[in-house]
Structure formats: structure tokens, C-alpha cells
Amino acid sequence: MAEPDPEPMGTGHRLGAPETLGISTLDPGHRPPAMPPGRLVTIRVRMLDDTEELFDISQKASGKVLFDLVCSHMNLVEGDYFGLEFQNHQKMMVWLDHIKPIMKQLRRPKHTTLMFAVKFFPPDHAQLLEELTRYLFALQIKQDISCGRLTSNDTSSALMVSHIIQSEIGDFEESQCRSHLLNNNYIQDQMPLIDKIMEFHSKNIGQTPAVSDYQLLEVARRLEMYGIRLHPAKDREGTRLSLSVAHTGVLVLQGHTKINAFNWSKVRKLSFKRKRFLIKLRPDLNSSYQDTLEFMMGSRDCCKVFWKICVEYHAFFRLFEEPKPKPKPVLFTRGSSFRFSGRTQKQVIDYVRESEFKKIPFERKHSRVQQNIRLSPLPSPRHHEGLTESGAPRDRVDSPSRSHWKESALVSAEDPSALRTTRASPSLQRNGHEDRAGSVSRTEERRGSSRQAHQDHPNTVVCNSPHLSASSGHSHGMVNGQKSLDLGSHSPNGGLPSPLTSPLLNDAGSIRTDDEDEVQRKRFPTDRAYFIAKELLTTERTYVKDLEVVTVSFQSAVGQDEATPESLKNTVLSTFEPLHKFHTGFLREVEQRLALWEGRSNAHIKGDYQRIGDVMYKNLQGLKPLTANLHKQSEVLLELEKATRGSHRLEGLCRDFELQKVCYVPLNVFILRPLHRLSHYKQILERLCKHYPATHVDFRDCRAALADVSEVVEQLQGSLNKMENFQKLLELKKDLIGVNDLVVPSREFIRLGCLNKLSGKGLQQRMFFLFNDVILYTSRGMTATNQFKVHGQMLLNGMTIRESEDEWGVPHAFTLVGQQQSVVVAASSLMEKEKWMEDIQMAIDTSKTSNGTSELLICNLIDNKCPEDSSLEAESEDDITALHTALEKPGPHRGNTMVHVCWHRNTSVSMVDFSVAVENQLSGNLLRKFKNSNGWQKLWVVFTNFSLFFYKSHQDDYPLASLPLLGYSVTVPKDSENIHKDYVFKLHFKSHVYYFRSESEYTFERWMEVIRSATVPTGGARVPNSKESHPL
């Protein structure tokens, strides 16, 4: 007897969505729009999984009514990324207008099938907060690569298909995988790639379907044709081109190669006149383009269709809220009344964030496709379910071809009894709402049931949304890149987010505090010495974690490999193991002393323990025998550099280790941490001695400890300066391509940063590197390595520098006159110009005494110099030979180094800035609040390397995300900002605003001090007081 076919399920049901109606494009608390009266008409909608659904709506209903019904049918919250597409009477694919009545758009609704598809492609899929949304995006990518719309090289195609079949059939099994690929075509001309697909699939063992979707989107978003919909056009010379629109602006393509892009910030107006599509640019003296660009399209309707989607893309990604309709003119109308209707991306993410309590736990399961099924959008009639006017479901006739589809449902992790209870409520089915208290309580019950079900069925895999465990981007930060800190937005494989993303934790991942917490904090001691001692505790916790990166993480990832020389293993172990053991014991003693000081243990005898100097003095005495280990930091650096230079495998292991989340700063920085920690002890003891009167019981111990640590710091200072310079040269060597032997004994790094170089094509952004003998200028090509390609060099010996702002009419311009060439550059501000000119002039004066290294560097650069009037490299995908390797591994190089931050923020930092930044590290708990959010989130925050790193608690092994501070300003909030709390400081950069709240006046002053001092200009600028703004 044949088994009955399983009930087919829609996309939402595959992810375990309940049968209640979800809310899609509506404001919180609103119901779906009421169905207008009138005769009903049946509309057929094809979903992204090729199923078709029928919806009965009124003939007078607008497009928004139908779209909301579709989203509600799938319980889709982030529906604003999607749209309904159909072929109009002119055989053109157009999007359903939400404002116009449906019958004015569909001439023959019974014979028209609307396609539910992705309409807006965000730059980072970490901005998609719901797993259901990412699943739908993955289905869209499958369709695009199947029909040839999303083109890629063989490696990218094979990698994407491997993630697709991992989500469908599970872990790799050779015979099953080969049979599945022979029976199912995912890409055009798939047969030659089967072996490569199977090779990639074998590396995905243990990867859940949700993670497979995430990885598929991670690969797809890096492709040049991701989210691109081509609109044929011609330029004025008649050259065949294509126009497209993306989140950044309007794109021009020739074939599948992007040849130009017009950012929204440069576009003044988009319009069309008959067949001509016009792009009016903002005036730019440095641009060679005309004010208005003209493209010829096939017809006026082609122009209008493309113009509409441009208007919608601009509004969705650039505006904070939906644009308001224009008032109707009294007599005459001019131009189109079309406008974007719906929520912007910012509103979508804010809504999902605020509605976090409504989330329902579910899990994705493998859909094992047994029959020969293509992923191209072919009709596949199934069981349909429509909605009557009252909202009750009514059955449709089953399709006889249903038996050819065998897919397992993606079920919910809910308790079935709880689901039955939900289904029993008619009002809940109609509205998709329940009262807040009921929602929260039922959600907690379901979570408990989920955990119990997981224990009863150990083979069941419950996969959380990947973005919840981010460190790029919740990247932020998140919306519009705010969730990476998107806190980011890290991918499940541990990839790093963009260096410019902003921090955000969802409500479930943070600890919320209120006035009760504030009352509890006030029970602790208020003496300034207590908070100084607490700073010692918090920074020691971070320091011990940093030592574990070398002694535990590095040893397990690299030290156990046979490619690691024994000499390197022995040097690292003998240097860091004793230090880690000593500081672990020191941390335990500090924690015990602070517990007594706070009265949390033996409160009746805490009076004798309200001091810390005796603990520091005793342990610094115990640290003296380990002074030899501190002198060996240079040996570790040299040994590591020598070993990596001699072994490509070891170099690759170290590079991969730096890409792990636990290695949140470059590896060489961790190696120098013990030297920097001594400076921190000295600063803490200096503050204690300054605070205590000479008669205080703790003063003598603090002064004795200060004398001991000052002696050691003075002995190591010369070695520390050399090691910091050596470490910085090694770091820059990884960031640069096109130059060899950058690390030589007499070379010193001075400054790096962005300057605009004047060439035949105007001002071009370049990254300049100033050393004591040479200046290198580079550009960041669009390559998989994230490195900067050297364009040229200028020797400092014989160079002169002069201001040339009046000569060229370019603000903040100056000219570098070398022996063989002259270069005109412009800084971003007057302050930047002064810092560059001062440092360059100082380097020129110093270089007159020595020119030994200059000749060596010339030989290495002469063959790599590029024509200076060439534009910034933008190689196509097929031209990047390194991309094949990049797709197989997370990425060959860190993309969040300080060089990249300077490039994006258009600023510079000097070696003095780096040295000051590492001396002013700080750790501790802070409460963080966003500009438009309610309540404060408690986070463990570490400040180092010009960045804030965010953790849930100090016990975490790696940060959730980071916030580079270059370019930010730190101030205290104004009264108009309604931040009615003490000890609050504000960080702001452009539209990004974050408030941080500390626990005392001392900690507030310390956070303000370290954030400011890390980026104070290297001149004699004063530090502003707490009421002044200071750009970082």
C-alpha cells in the first residue's frame, strides 16, 4: 500500500511558521488592511520555492492589500525587501504598485501569474534579522544562478551549489551526492563541475541548513552581479550598455562587467524624456563627467520602469521614513506622481528589533528532494490555499502532479500542544496578534518545550539565526550597517565584519538594567581608590585573556602543526607560560581583595582590606624573576617572522589564525602585551600615590611598588620602542603588495593615512605611508586580498615640500618635489594637512643624515610602479587570480586593520598615536544606549588599538563586535537629548550616535581620557574638557 503524499507546505510553513497571520508592512499593533467591498477576483502568486498560491481579493483592492496577504500567509515580518513582479501587456516585467488598484495594473488577472521575488538586495545579508527572510533570499539566489542571471566563475558556482545541496540532502556521502547532482541541475553546464562541487560539499560536514543558507548568501553577495537586474540602453555614441540600480546608486554595465557607478550622494536628479533616461549630477570641479548624462532606452515605458525602481531603491536605502505624498495641484499637474510606498530599511529593522518578543523559535531541516527537480522557476501545481474575505482558509482542488514532489517539512521547535492552543484561537488566526503579556508568557513556555524536545530527540539540530552570534556585522549594528557591530554581525564561520560597522546587540543577547541596578551599584564603595583598584581588576582580566590567546588558542591552532619549528614552539612556551601562570594567580588575589573591599565576603572585617597597594607590591616582587621573559618578547617576534618567512604553510596557518574571532587584534600585538602591561601598572600606581595622602595606610606600599615597576619600565623602554616599530612594519608588510623587504633594521614608520593625489583624471584617493627614508602611495583595489597595491614611491633624500593651495585651487593642497618627480596632494582638512607637512618635513631633515635603505627599496618598487593617471583598480571576477583561493577559505588577509579604517574614514594616524593608544588601554562594564532606543544594555567593553570591542561579559573568549573610533567625536550629551543620567558620554560619527554610561565619576573621566588621548594630534594640542567635542 502506497504511502499518502505529505501535505505540501508553503515557504513559511517550511520554517515552522504557525498558521496565524503575520504582520508585514504595517506599523506595530495594526491589523492587515480591511478588504474593500466588491466582487472577488482570484490572483495566482508563484512563491520562491515554485509553489503557487491563490488569493481572493476585491477588485477595488490596492496592490498593498494583496502584498500584505502574501506576507501574512508566510508569516513574513521583513516583507519590505520583497515585491510582486508580473509581465504587463507590453511583455515587460514590472513590479506591482502598492498604491494603485490591482485591476488597473492587471488587464487579465485570471491569466496572469505574479511572482513573489526579492526586490531590494541589501549590501550585507547580516542586515536580514529573520531566518525566514534569509531562507527566502537563498531561494532567490538559487533561481538567479539557475537561470544565468547571477554569473560567476567555476569556483564560485561550485561553492554555491555545495551549500545548496548541503541544505537539501545534508552531510556529504559520495554516492548519494553524485546521484543527486546527476538528477538535479542547479547551474547551467553543471556536469564539468560535479567533482569540484563534491569536493566543496565534503568540507561542509556538520553544517546546518540555516548555516548553509547564510554561507550561500555570503558567497553570492561578493559577486559583481549580485542583485543586478539589467535594463538595456545605449550611450550617446550608440554603444550597447545596460543600466541597473543598487543600494549605492545607479550602475552602468557592459555585458556583465561594471564600468561605472553613480553614487546617490553624487546624483542630483533622475528623470526621463521619451526614450532618454537622464542622470543629473551634482557639480564637481574634480570630475570629468558632464553635468547631465544621457542614455537611450528601448521606449518611454522602459525608461519609466527603470526610473520607478531607481526612485524606490533610493527611498528604501537612503531615507529614514516613507516619503509623504505631494499635495495635489489645484489646476495643472506636471511630472509623475509616483512615489515609494512602504517602510524604509531603517524602519524595517527598527520594527523587527522592537518586536523581538514576538519571535517564535523554529529550526530549518534538510529538504531531501527525491525527484528530478530543477531550480529554475518552472510551474509546479500544488495544493493551494486561499483566504476568503473573512480571513478563513478554504481548500482548492489538489493537483494530480502532487505525487511527484517529496519534500520533508521544515518544522517548528514548538511544543505541539502549544501550537494546537494557538491554532484554536480564531481571533489570533485572523489578526496574528496577542496581548504583550500573553505573548511573552507563551513564548517562554514554548522555549521550555523546545529545550525539552531537544533533549528527547538528540538528533534534532536547533540552529539559531547566524547573526545573533556576530562579532561584520547584530553587524551591526545593523540597520544600514548598524547591526554588525552589526554587535555584530559575524558569520558562523568566524569571518570578520566590515571595520566601519556599528555595534548592536539584540534584546535577547544583552542584559538590560534599570534604576534597581543603579541602586545596587550605589551600595558599593565610592572612594576613588576603590575605582582605581577596580580598573586594575578589569584590565587584568582582559590581559589574562590576551595571554590565553597566545598560550592556548595560538598553540592549539598553530603550535601543534608539524610545520611549526621546534625553536618557535619552545620560545613561545618558555616566554608566555610562566607569565600566564603568574598573572592568573595575581588576578585571583585582586578579585579576592576587591570582594572584601566591596563587602561581598566577610563584611565584618573588610576595614583592613580597603587597599590594593600591598597586593601589587607583593606580586611585583614576585614578577622580578620573570623579567628575563619580558626581555624575550623581541626574540618571539623575530623567531615568528623568521619561521613564517621560511614556510608558506606556517604563514598560512598564522594568517588563518588572525582571521579567527579570538584574535581580535593582530597577533604581533598580543606578543607585545606583557611589555605594555607594565606601563599600565605604573599608571595605576601613579594615580593611587597621587590620590592617597602620605599618612594613608596604603601609600607606602603603593610608592614602593611604583619604584619597582618604574625601574623595570625604564630598562625596557628602549627595547619597547624598537619592538613597536618592528611590529608595525610587520603589520604594514601584510597590508601592502608590490614592495619587498619593507622590514629592514634602520627603517622607521612615521605616519599612514589618506591623501587625495592630483592626476590627469582629477583628485584620486590614495593611501600614503611615510617612513624615515621614503614615501609610498597606494590604492585599495577590489581584490580578494583586501591589500593595498603600491603605485609608486618618493625618496625623502633631496625632497622639498611646499604649500600649493593657491597654485592649484584645491583646498589643503601641498606639493612634494622629489629628485625625479613631483606629486600634488590634498588633505581632508587643515589639521590633517598640518600634521602631514610637519611629519614629512621632520622626516626629510632626518633623512639627510642617512640614505642606506632607500636604494634597496627602489629596486623592489621599480617593476611594480603603475601609471599614475590610471584610475583605481577594479578587476573583474575572472581577472582576479587570487579569488579562487579566497572562495575556498574565509579570506587571505584581515580586512579590519587600521589601514582600512583610515582608508574608509579618510584620515591618518602616526606612530606616536599608535604608541599612546596601546598605553591607554581600558576595560570594564558600560551601559550602552542607541539614539532612538529605550533602556540601557550592559556590555563588557575593551578599548585598545583605536577601537571599542564589545562582549556580553568578561568571561567571553572573543568579542561580539568592534567599533573603530577614528573619525568619531566624544562629547557629553546636551540637555535637549533627554539623557537624564549621570556619567554619560556620547560617541557620534555622521548619523551614528551611541551613548555610554559609566558607574562613577572616576570611570567616566577615565573613559573620556583614553578615548580622547588615543587620537590626539601629535602636535601640542590641548585635551578638551568634558563639555567640548573632540574628533577622534
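A short tour of the structure in this document, coming up. All values reported here derive from a predicted model rather than from experimental measurement. (Residues numbered from 1 in each chain as written. Predicted model: local features only at pLDDT ≥ 70, side-chain atom pairs only at ≥ 80, totals over all residues. Heavy atoms only, no water.)

## Some points on the side chain of Asn725
- Assignment of secondary structure puts Asn725 in helix H22 (residues 699–735).
- What makes Asn725 buried here is its relative accessible area of 14%.
- Those residues in contact with Asn725, other than ones at most four positions away along the chain, are Arg747, Glu748, Phe749 and Met911. (Helix = DSSP H or I, 4+ residues; strand = E, 2+ residues; numbered from the N terminus. Buried < 20%, exposed > 50% of the residue type's maximum accessible area, 1.4 Å probe, protein only. Contact = heavy atoms within 4.5 Å.)

## Details of the nonpolar core
- Ranked by internal contacts, the top residues of the largest apolar core, which has 99 residues, are Leu66, Phe82, Phe116, Phe277 and Ile279.
- The leading source of residues in this core is helix H8 (residues 300–318), at nine residues.
- Beyond its immediate sequence surroundings of up to four residues, Phe82 is in contact with Leu48, Phe67, Leu76, Phe116, Ala117, Val118, Lys119, Thr133, Leu136 and Phe137.
- Of all hydrophobic cores here, the second largest spans 73 residues; its members include Leu537, Leu626, Leu637 and Cys663. (Core = buried A, V, L, I, M, F, W, Y, C linked by side-chain atoms within 4.5 Å.)

## Remarks on the packing of aromatic side chains
- Taken as a whole, this structure holds 33 aromatic pairs when the rule is applied.
- When the ring of Phe582 is compared with that of Phe586, the centres are 6.5 Å apart and the planes differ by 25°; the resulting orientation is stacked. In this pair, Phe582 and Phe586 both sit in helix H15 (residues 566–598), four residues apart, roughly one turn of the helix. Each of the two residues, Phe582 as well as Phe586, counts as buried.
- Aromatic ring contacts, followed pair by pair, group Phe67, Tyr81, Phe82, Phe116, Phe120, Phe121, Phe137, Tyr226, Tyr313, Phe316 and Phe317 into a single cluster.
- Its guanidinium or amino end placed over the ring of Phe914, Lys728 lies 3.5 Å from that ring's centre, counting from NZ or CZ.
- Over the ring of Trp936 we find Arg997, and its NZ or CZ is 5.3 Å from the ring centre. (Phe/Tyr/Trp six-rings, centres within 6.5 Å; stacked < 30°, edge-to-face > 60°. Lys NZ or Arg CZ within 6 Å of the ring centre and 35° of its normal.)

## Digging into the packing of helix H14 (residues 528–559) against H15
- Two numbers describe how H14 lies on H15: the axes approach to 9 Å, and their chain directions differ by 150°. When the axes of H14 and H15 are compared, the pair comes out roughly antiparallel. Crossing angle aside, the handedness with which H14 passes H15 is left-handed. (Axes fitted to C-alpha atoms, helices over the stretch in contact; angles between N-to-C directions. Parallel < 35°, antiparallel > 145°, perpendicular 65-115°, else oblique. Left-handed = near helix turned anticlockwise from the far one by under 90°.)

## A closer look at a positive patch on the surface
- Together, Arg268, Lys269, Lys280, Arg282 and Arg318 make up a region of like positive charge exposed at the surface.
- Turning to its location among the elements, Lys280 is positioned in strand S11 (residues 276–281). (Patch = residues over 30% accessible without salt bridge, like charges linked within 9 Å, V, L, I, M, F, W, Y side chains within 5 Å. Areas by Shrake-Rupley, 256 points an atom, 1.4 Å probe, with all protein chains shown as cover. Salt bridge = Lys/Arg side-chain N within 4 Å of Asp/Glu carboxyl O. Lys, Arg positive; Asp, Glu negative; His and termini not counted. Charge placed at Lys NZ, Arg CZ, Asp CG, Glu CD.)

## Structural notes on the sheet that holds strand S5 (residues 113–118)
- Overall, mixed pairing links the five strands, which are arranged S2-S1-S5-S3-S4 in an open sheet. Looking at the sheet topology across the chains shown, the edges are occupied by strand S2 (52–58) and strand S4 (93–95). The sheet shows a mean angle of 35° between the axes of neighbouring strands, direction not considered.
- With three bridges joining them, strand S1 (residues 40–46) and S5 adopt parallel strand pairing. Residue pairing for S5: Arg46 is matched across the bridge by Met115.
- Docked against the sheet, helix H3 (residues 131–146) engages strand S3 (82–87) and S5, running at close to 110° with respect to S5. (Pairing = 2+ DSSP bridges.)

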